[in-house]
Amino acid sequence: MTFRIVGLETDIVRKLQAGGVDCHGQTPEKAVSDGQGKPCRHCLCEIPAGEEMLILAHRPFPSMQPYAESGPIFLCAKACTRWEGDGLPPIFAPASAERLVKGYSPDDRIVYGLGKVVPITEISDRIQDVLDDPRVAYVHIRSSTNNCFSCRAERV
């Protein structure tokens, strides 16, 4: 692989965990995870059942513009370590799942024609194919059913 998958930046997450506001200016909601379908976008692991979590709106773009989508995400309420490992993160464990893979240009615009829903078993190949396009600066991996931001893939 000539890419790496990364979770949200630690400084952003720590501010939210300390009570900072989300992209809509709201304090994140606190809830308790049931351990199913609650992936933290920082450590890229499932938030364990019984653990406190944050629910908030996030916009994974540096500035407002027409393509700067926002949506709901989950974070561990306690400090966790940002995923920066090799290979696929734990949130891609259910191999039967699918994800939407989308490429973005250096000016944070969707590169049309590249967005595609793929099975987890094909996600590495699809990320690499999208990053091989010279118009693409980075990739978002999103929920195939709700379009929620999961994580980002970048060239190494």
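Within each chain, residues carry numbers counting from 1 in the order of the written sequence. Reporting of local features is limited, given that this is a predicted model, to residues whose pLDDT is at least 70; pairs of side-chain atoms are given and counted only at 80 or more, and all residues count toward the totals for whole chains, interfaces and linings. Excluded from the side-chain calculations are hydrogens and water; all other atoms, namely the structure's heavy atoms, are used.

Asks: Can you explain the sheet that holds strand β3 (residues 52-58)? Please cite residues and give values.
Replies: Strand pairing is defined by DSSP finding a minimum of two bridges between the two strands. Numbering of helices and strands runs from the N terminus, with a helix taken as a DSSP run of H or I at least four residues long and a strand as a DSSP run of E at least two residues long. Taken in spatial order, the three strands line up as β2-β3-β4 in an open sheet, and their pairing is antiparallel. For this open sheet the edge positions go to β2 (29-32) and β4 (71-76), each flanked by a neighbour on one side alone. Taken pair by pair, the neighbouring strands of this sheet meet at an average axis angle of 35°, ignoring direction. Where β2 lies against β3, four bridges are found, and the strand directions are antiparallel. Of the residues in β3, the one forming a bridge with Lys30 is Leu54. In this analysis an axis means a line fitted to C-alpha atoms, helices contributing only their contacting stretch, and an angle means the value between N-to-C directions, from 0 to 180 degrees.

Asks: Describe in detail the nonpolar core, supporting the description with residues and values.
Replies: Residues Ile5, Phe92, Ile123, Ile127, Val139 and Ile141 are the most contacted members of the largest nonpolar core, which totals 21 residues. Among the elements that line this core, the one with the most residues is helix α2 (residues 123-131), at four residues. It only takes one pair of heavy atoms within 4.5 Å for two residues to be counted as in contact. The residues contacting Ile123, other than those within four sequence positions of it, are Leu88, Phe92, Arg99, Val101, Val118 and Ile141. Membership of the second largest hydrophobic core comes to 16 residues, among which are Val13, Leu75, Cys76 and Cys80. What makes a nonpolar core is a set of buried Ala, Val, Leu, Ile, Met, Phe, Trp, Tyr and Cys residues whose side-chain atoms join them at distances within 4.5 Å. Using a 1.4 Å probe on the protein chains alone, a residue whose accessible area is under 20% of its type maximum counts as buried, one over 50% counts as exposed, and one in between counts as partly exposed.

Asks: Pulling in residues and values, what's your account of α2?
Replies: Within an α-helix, residues lying three or four positions from one another point in the same direction, as the helix has 3.6 residues per turn. Residues Ile123, Arg126, Ile127, Gln128, Val130 and Leu131 constitute the buried set of α2. On its buried face, α2 sits against β1 (3-6), β5 (98-104), β6 (116-119), β7 (138-143) and β8 (149-155).

Asks: Outline a negative patch on the surface, supporting the account with residue identities and numerical values.
Replies: A contiguous patch of negative charge, built from Glu122, Asp125, Asp129 and Asp132, is present on the exposed surface. Relative to the helices and strands, Glu122 is located in the loop between β6 and α2. Patch membership is restricted to residues that have no salt bridge and whose relative accessible area is over 30%. Joining uses 9 Å for like charges and 5 Å for the nonpolar side chains Val, Leu, Ile, Met, Phe, Trp and Tyr. Here the Shrake-Rupley method, with its probe set to 1.4 Å, supplies the accessible areas, and only the displayed protein chains count as covering residues. We define a salt bridge as a side-chain nitrogen of Lys or Arg found within 4 Å of a carboxyl oxygen belonging to Asp or Glu. His is not counted, nor are the chain ends, whereas Lys and Arg count as positive and Asp and Glu as negative. Charge coordinates come from a single atom per side chain, which is NZ of Lys, CZ of Arg, CG of Asp or CD of Glu.

Asks: So what's going on with helix α1 (residues 10-17)? Which residues, and what values?
Replies: If you check which residues of α1 are buried, you get Val13, Leu16 and Gln17. Taken down its axis, α1 places every buried residue within 100° of arc, on the same side. The inward-facing, buried residues of α1 abut β3 and β4. Immediately beyond the C-terminal end of α1, within one or two residues, lies Gly19, with a positive phi of roughly 105°. Relevant arc is that of directions from the helix axis to the C-beta atoms, nothing else.

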